There are 2 protein chains.
Amino acid sequence: MTDDAAEPADKEILRRTLDGRWYDVRERSRKIELNAYAPPAYEMDTETHRAAVLERLAQVSASGLPQVGFPAAQGGADDTGGGMIAIEMLGFRDLSLMVKSGVQWGLFGGAIQSLGTAAHHEQYLPSVMNLDLLGCFAMTESGHGSDVQKIQTTASYVAETDEFEIHTPVPSARKEYIGNAARDGRLAVVFAQLHTPAGEHGVHALLVPIRDESGEPMRGVTLQDCGRKEGLNGVDNGRISFDHVRVPRTALLDRYGHVDSDGSYTSPIDNANRRFFTMLGTLVRGRISVSGAAQSATKMALLIAGRRGLARRQFERAGGGEEVILLDYQAYQRRLLPLLATSYALNFAQDELCGRIHDLWSGEGTPDGRAQRELESRAAGLKSTATWHALATIQASREACGGAGFMAENVLPQLRADTDVFATFEGDNTVLLQLVGKGLLTNYSEEFEDLNAIDTVRFVADQFVGAVIERTAARSIIESFKSVFSDTDAVLRDRAWQVMMLEEREKHLVDTLAARIKKGIGDGTEPAEVFNLAQSHLLHAGRAHVDRTVLESFVDVIEKCEHAGTAQLLGTVCDLYALSLIEADRGWFLEHNRLTDTRAKAVASAVDDLCRELRPHVATLIDGFGIPEEWVEAPIAKPDSIS
Amino acid sequence: MTDDAAEPADKEILRRTLDGRWYDVRERSRKIELNAYAPPAYEMDTETHRAAVLERLAQVSASGLPQVGFPAAQGGADDTGGGMIAIEMLGFRDLSLMVKSGVQWGLFGGAIQSLGTAAHHEQYLPSVMNLDLLGCFAMTESGHGSDVQKIQTTASYVAETDEFEIHTPVPSARKEYIGNAARDGRLAVVFAQLHTPAGEHGVHALLVPIRDESGEPMRGVTLQDCGRKEGLNGVDNGRISFDHVRVPRTALLDRYGHVDSDGSYTSPIDNANRRFFTMLGTLVRGRISVSGAAQSATKMALLIAGRRGLARRQFERAGGGEEVILLDYQAYQRRLLPLLATSYALNFAQDELCGRIHDLWSGEGTPDGRAQRELESRAAGLKSTATWHALATIQASREACGGAGFMAENVLPQLRADTDVFATFEGDNTVLLQLVGKGLLTNYSEEFEDLNAIDTVRFVADQFVGAVIERTAARSIIESFKSVFSDTDAVLRDRAWQVMMLEEREKHLVDTLAARIKKGIGDGTEPAEVFNLAQSHLLHAGRAHVDRTVLESFVDVIEKCEHAGTAQLLGTVCDLYALSLIEADRGWFLEHNRLTDTRAKAVASAVDDLCRELRPHVATLIDGFGIPEEWVEAPIAKPDSIS
């Protein structure tokens, strides 16, 4: 960063920029008061912790914020984006509370909203919204987590009584890890294979009471407690089994599949696979919320480690002089600052994604299919990237704080334990990244989500003509760049060059992936094996796509930032983000002649330089996260307690 | 691996090979019976957990194993290596117990043994060994963790009463995170700046009672509880402050510094810095034990995830067929098998290091200084590498197990939480790797450990003539290899090529590091800044050195393995280890023309291929770890409970 900015970066403008489109919801979230925990959560036993989180849930409910995403007809505000932001903000404060909120309003309420019809909305949503009715989202089974389409719970229509019978036919059909199931949930959205006299119709969701008013399990329902977990112990996860449990026919959430009183099945979507993935698509909100909450937790970790690194000194620089501030060490900067830059980048991508789902879902009627598929892919990619980033950053922050970071009072252990499962729930990250890769291979064609490995291979063999890089936000800016790309130092900080590098990597990875698949098929290799042997390649393509789109979101925000000093600081952060990515994968860029030896070495030096340039701005960049001081509980991060 | 071996690998021979030189101690350790915990540790409150671990400590003591490292004169067996192995083995079962054992016998007892003289040994070691006297190792202070030489606690000789006065002069001199301090410790080895009327003599250790027989703090001693931690909650970490506490003159552990009754100070080591690092060198055992215990925990994690991956299926390969075993997916193999190979490699390096310290310390008199410095460097490097490997592997294992990995009953969360602090205690990993780098730059010269940044820079500028690669174990084998290095596929699996690649990287990194420092000095840059700007480079050199020496240990073991089938399997594992390392740093190898584009891509393919080749041997390789079935507590890893 050069020093010729007319004005320095402004932390309020920075915060406003990070707050993005839903800054008002964020500001309102910052004012929600929550009960203090005494003792702190890390000293509570499981039952006490669960009760304490339930109390806080009521306080969140009273704010009215999580409800804004529900229909205006039921007292919501049809504000899809705002509802997700409200949950994401809880990630700064209490991840158990965030997850319990996500289960109640996002998954349970969201399923009724998205999969149900008007009668369901009217009957249930008001009490879901105000917490009179706590519920579960019972999809995962012990035998099927990633491959949800193969769950084994059944819902069979019984014509005699005009009911469905919900049943767990084998042990592996037991519903597993279900939030709200062990203690608080009364009604569950149960995913099951729907059977009518005419046959099987695939996975559908039904509303099944699991506890009565007094909290006892309903007849035929067996509830178990998952017990202690690595983290999120304020959420009561449990297991649910059904023994021929009857519910009325109207319990079927029937927006995408309806059973008439004569037992006949109808659906607006003929193809069963397509229907399944349409229903699953309503889950995209959950993934976006998890991505956002992971980012909130990450920012808190960076605040803690950053403040510690700014205050603590160790080792004299020269005999007798004052000891050196930790953040003045290159190794310390290297550990934290690229992660800080990445957190900025992901923040902007998250805001863009929230806007995208909001706009898509706020329109009338069913959203455009292709746009919806691209949205799902974007959410899958950002969720996997942001949650892995959270784990890496919280860990780096813990280590940067040494022994202090291991003490429960300093919050990092709780952040780490609570976010760990984010990498595998609401979609396993590895599986989600494969979904991104499949989207790229098929250019989000109508079939892509319901293509299994073999179908995908065949689709690619038949139809792939070349990778399509669809720029989203930053097209105009990037195309306006002109650069001769001669001087290495200038090139490395040329935004157009950075974007081009990531675009070329993505395009090359997708094209060569397709070529590899075609070659495998041509060689007569079994299609499933072709796909399996290309798995690393597919995952790499998925990551490359996410990196590129995240960078574009960042570029877009910088372009729109009207405060020169702030835009300049953001530009330096963006340089660090982009060059860190290129450095991390420089083996690939070298192998594919996108970097010369000299330039690759220059990238590493530039990352060192950028860390040093950003060093004086670390406090400002942390302030930009907009974390209220009263939310900072770690003693080592409090302004007056650093040694 | 080709299939022409006359005999398949044998899991018993594999286990015996991994058990190494102290296989008898390992076998005896496998027979120690420990009380079952009820409820499990993850459901215990802190005080219950601490009490339960103390009970188990007595059972470990009764085995007689941890005591073998103590002098025969006090009832030990002078078996330095065996004593460390006994503690390392506890890492499979209970990491709180391992750490509490390490505090009691390794740090507390080890300091009395190494820093004290005959009178101390006679008076204290028997009761330390049999647990009549529980103690602390009070070195770290809240203001000084990595830079221990600057601790601020004082020990001042008071001639009038022939005593030392132990004092905490400032808040940052408070002893911090001290194991056994919150509950059980009665005597502490306290590190303090020694003052006599003649002046200051630097850091020395003294025996200071902190609790009386009834458990009350001694007068002038303030004890605080660190409270809940991320993990290791069975260990009672606390804080200790001293208010003018008096101890007799004989409390000074005076092997390296003695104060006479007339107050005069004498030491066999004139140079105060040298004296300090000699005392610190006695800590090397602790680091080796931590490295070993981290490896034990890592192996348990691999057992859990490996068995799960062998048993669980997800997604049909083709319509209607059986679902695919997780470990048949390339992505799943890629996540776990390179880590499994690395665990094998580190195991052999650990055994070699144990042998080295054992032989060095078992000789008569003071060990050779240079050998001792190289040993310290080796221990620092392996400790940092093995503990980071543990964190990465336990995390990968957790994610590979999905939601089941997040459940406390499945052990992985406890392993992860307990090992986390290993990355920063007994020496922060980043600081330790810098020590390795400094050893390389100075070729373990007499001064190297007490060189601060500035001195190191000056030393390099004046004396560095070129990197010295001293092969340890594998010299003869490697030199006997002859290879034309023509065909890429053959080259990649040529052990001589693999070793050469790692040697050349190390040598180049050290040489260019020195050149960079010399250039910085020549340019007139401030020496401290020269050092700081080279920090990433220094760390890379340290890592490269560890990688190379670990590979050599592996090569040595294969050469000595007399069972052809087992040696062949180990050879494939070694290929995967070596090529994974090269793949991970292939950016460097490409930049420095040690790999062509084509060969770099071939390395990645070879890693894929090796994972597939090892897939049928995963169960055997896990069995090789020699973990008794009754130690496997995770339900998902029990043979009969997989779904």
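None of the values given here were measured: they were computed from a predicted structure. (Residues numbered from 1 in each chain as written. Chains lettered and ligands numbered in written order. Predicted model: local features only at pLDDT ≥ 70, side-chain atom pairs only at ≥ 80, totals over all residues. Heavy atoms only, no water.)

1. A look at the overall build of chain A
Point 1. Within chain A, the regular secondary structure consists of 23 helices and 13 strands.
Point 2. Scaling as 2.2 N^0.38, a compact globule of 643 residues should have a C-alpha radius of gyration of about 26 Å, and chain A matches this with 25 Å.
Point 3. Within chain A, the proportion of its 643 residues that are buried is 64%.
Point 4. Accessible surface, chain A as shown: approximately 22,300 Å² in total, 50% of it carbon and sulfur.
Point 5. Of the side-chain charges in chain A, 66 are positive and 92 negative, and the distance between the mean point of each set is 3 Å. (Helix = DSSP H or I, 4+ residues; strand = E, 2+ residues; numbered from the N terminus. Rg over C-alpha atoms; globule rule 2.2 N^0.38 Å. Buried < 20%, exposed > 50% of the residue type's maximum accessible area, 1.4 Å probe, protein only. Areas by Shrake-Rupley, 256 points an atom, 1.4 Å probe, with all protein chains shown as cover. Lys, Arg positive; Asp, Glu negative; His and termini not counted. Charge placed at Lys NZ, Arg CZ, Asp CG, Glu CD.)

2. Some points on the nonpolar core
Point 1. By size, the foremost hydrophobic cluster in this structure holds 361 residues, and its most contacted members are Tyr 344 of chain A together with Tyr 344 of chain B.
Point 2. It is helix H9 (residues 330–362) of chain B that provides the largest number of residues to this core, a total of 16 residues. (Core = buried A, V, L, I, M, F, W, Y, C linked by side-chain atoms within 4.5 Å.)

3. Quick word on the interface of chain A and chain B
Point 1. At the junction of the two partners, chain A supplies 75 residues and chain B supplies 75 residues.
Point 2. Of the roughly 6,300 Å² buried where chain A meets chain B, counting both sides, 48% is carbon and sulfur surface.
Point 3. On the surface where chain A and chain B come into contact, there are 5 salt bridges.
Point 4. Residue Glu 409 of chain B pairs with Arg 239 of chain A through a salt bridge whose shortest N-O separation is 4.0 Å.
Point 5. Connecting chain A to chain B are 44 residue pairs in polar contact (both at pLDDT 80 or more).
Point 6. Taken together, the residues that form the side of chain A that touches chain B break down as 26 nonpolar, 20 polar and 29 charged. (Contact = heavy atoms within 4.5 Å. Buried area = accessible area lost by both parts, 1.4 Å probe. Salt bridge = Lys/Arg side-chain N within 4 Å of Asp/Glu carboxyl O. Polar contact = N/O pair within 3.5 Å; in protein donor to acceptor, adjacent residues only side chain to side chain. Nonpolar A, V, L, I, M, F, W, Y, C, P; charged D, E, K, R; others polar.)

4. Side note on the sheet that holds strand S8 (residues 238–242) of chain A
All names here are of chain A.
Point 1. Judged by pairing direction, the sheet is antiparallel, and its 3 strands sit side by side in the order S4-S8-S7 without closing on themselves. Both edges of this open sheet fall to strand S4 (175–178) and strand S7 (221–225), since each of them pairs with a single strand only. On average, each strand axis in the sheet is inclined to that of its neighbour by 20°, with strand direction left out of account.
Point 2. Here S4 pairs with S8 via 2 bridges, running antiparallel. Note on S8: the bridge partner recorded for Ile 178 is Gly 238. (Pairing = 2+ DSSP bridges. Axes fitted to C-alpha atoms, helices over the stretch in contact; angles between N-to-C directions.)

5. Topic: the pairing of strand S2 (residues 154–158) of chain A
Residue and element names in this part refer to chain A.
Point 1. In terms of burial, S2 is largely enclosed, as 4 of its 5 residues are buried.
Point 2. Sheet analysis places S2 next to strand S3 (residues 163–167), joined by 5 bridges and oriented antiparallel. Across the sheet, the residue bridging to Val 158 is Glu 163, located in S3.
Point 3. Where S2 meets strand S5 (residues 187–196), 3 bridges bridge the pair, whose relative direction is parallel. Following the sheet pairing, Ser 156 is matched in S5 by His 195.

6. Quick notes on the relation of the copies chain A and chain B
Point 1. Superposing chain A onto chain B takes a rotation of 180° plus a shift of 0.0 Å along the axis, which leaves an RMSD of 0.0 Å. Look at the turn and shift together and you get a two-fold axis relating the two. Residue Gly 587 of chain A of chain A places its C-alpha closer to the rotation axis than any other residue of that unit, at 1.9 Å.
Point 2. Most of the interface of chain A is mirrored in chain B: 100% of its interface residues are interface residues there too. (Least-squares fit on C-alpha atoms with pLDDT ≥ 70 in both.)

7. Concerning the sheet that holds strand S4 (residues 175–178) of chain B
Residue and element names in this part refer to chain B.
Point 1. The 3 strands are arranged S4-S8-S7 in an open sheet whose pairing can be described as antiparallel. Looking at strand neighbours, the two that pair on one side only are S4 and strand S7 (221–225), the edges of this open sheet. Taken pair by pair, the neighbouring strands of this sheet meet at an average axis angle of 20°, ignoring direction.
Point 2. Sheet topology note: the S7/strand S8 (residues 238–242) ladder contains 5 bridges and is antiparallel. When the sheet's bridge partners are listed, Leu 223 is paired in S8 with Ile 240.

8. Brief notes about the packing of aromatic side chains
Residues and elements named next belong to chain A.
Point 1. Summed over all chains, the structure comprises 18 aromatic pairs over all chains.
Point 2. Every member of this aromatic cluster is reached through a ring pair, and the members are Tyr 344, Phe 348, Phe 554 and Phe 625.
Point 3. Between the NZ or CZ atom of Arg 16 and the centre of the ring of Tyr 23, over which it lies, the distance is 3.6 Å. (Phe/Tyr/Trp six-rings, centres within 6.5 Å; stacked < 30°, edge-to-face > 60°. Lys NZ or Arg CZ within 6 Å of the ring centre and 35° of its normal.)

9. Notes on the domain arrangement of chain A
Residues and elements named next belong to chain A.
Point 1. Domain annotation of chain A identifies domain 1 (19–129), domain 2 (135–275) and domain 3 (284–465 + 490–635).
Point 2. Distance from the C-alpha centre of domain 1 to the C-alpha centre of domain 3: 27 Å.
Point 3. Listed per partner, the contact involves 29 residues of domain 1 and 33 residues of domain 3.
Point 4. Here domain 1 meets domain 3 over a buried area of about 2,600 Å², counting both sides, of which 61% is carbon and sulfur.
Point 5. Three residues stand out in domain 1 for area buried against domain 3, namely Met 84, Phe 92 and Leu 95, and they jointly supply 28% of the buried area on that side.
Point 6. At the boundary of domain 1 with domain 3, the tally comes to 1 salt bridge.
Point 7. One salt bridge connects Arg 21 with Asp 359, and the closest N-O pair in it is separated by 2.7 Å.
Point 8. Counting every contact that joins domain 1 to domain 3 gives 7 residue pairs in polar contact (both at pLDDT 80 or more).
Point 9. Every element with two or more residues in the side of domain 1 that touches domain 3 is listed here: helix H2 (23–29), helix H4 (80–90) and helix H5 (95–115).
Point 10. In terms of residues, the side of domain 1 that touches domain 3 owes the most to one element, H5, which gives 8 residues.
Point 11. Along the lines of polarity and charge, the residues of the side of domain 1 that touches domain 3 split into 11 nonpolar, 10 polar and 8 charged. (Domains from an automatic or database assignment.)

10. Thoughts on the environment of Phe 422 of chain A
Point 1. Here Phe 422 of chain A lies in the loop between helix H12 (412–420) and helix H13 (429–442).
Point 2. In the structure, Phe 422 of chain A is positioned 135 residues away from Arg 287 of chain A in sequence and 9.4 Å away in space, judged by C-alpha atoms.

11. Describing unusual backbone geometry
Point 1. Of the consecutive residues Ala 38 of chain A and Pro 39 of chain A, the connecting peptide bond is found in the cis state with omega at 0°.
Point 2. Note on placement: Pro 39 of chain A falls in the loop between H2 and helix H3 (46–63).
Point 3. Backbone geometry at Leu 131 of chain A places phi at a positive 75°, although glycine is not the residue there.
Point 4. Relative to the helices and strands, Leu 131 of chain A is located in the loop between helix H6 (118–129) and strand S1 (135–138).
Point 5. Non-glycine residue Asn 593 of chain B carries a positive phi angle of around 55°.
Point 6. Looking at the secondary structure, you find Asn 593 of chain B in the loop between helix H21 (586–591) and helix H22 (597–614).
Point 7. On the accessibility criterion, Asn 593 of chain B (60% relative accessible area) is exposed.

12. What about the environment of Ile 517 of chain A?
All names here are of chain A.
Point 1. Looking at the secondary structure, you find Ile 517 in helix H17 (residues 495–522).
Point 2. Its relative accessible area of 1% is what places Ile 517 among the buried residues.
Point 3. For Ile 517 and Thr 153, which are 364 residues apart along the polypeptide, the C-alpha to C-alpha distance reads 35 Å.
Point 4. Among residues more than four places away in sequence, those in contact with Ile 517 are Leu 441, Val 457, Val 460 and Val 530.

13. Let's talk about the environment of Thr 168 of chain A
Residue and element names in this part refer to chain A.
Point 1. Within the fold, Thr 168 resides in the loop between S3 and S4.
Point 2. Thr 168 gets classed as buried once you look at its relative accessible area, which sits at 13%.
Point 3. Each C-alpha atom, one on Thr 168 and one on His 244, is 7.8 Å from the other, the two residues being 76 residues apart in sequence.
Point 4. Every residue in contact with Thr 168, bar those within four places of it in the chain, is listed here: Ala 173, Arg 174, Ser 241 and Phe 242.
Point 5. One polar contact links the side chain of Thr 168 to the main-chain amide nitrogen of Phe 242, over a distance of 2.6 Å.

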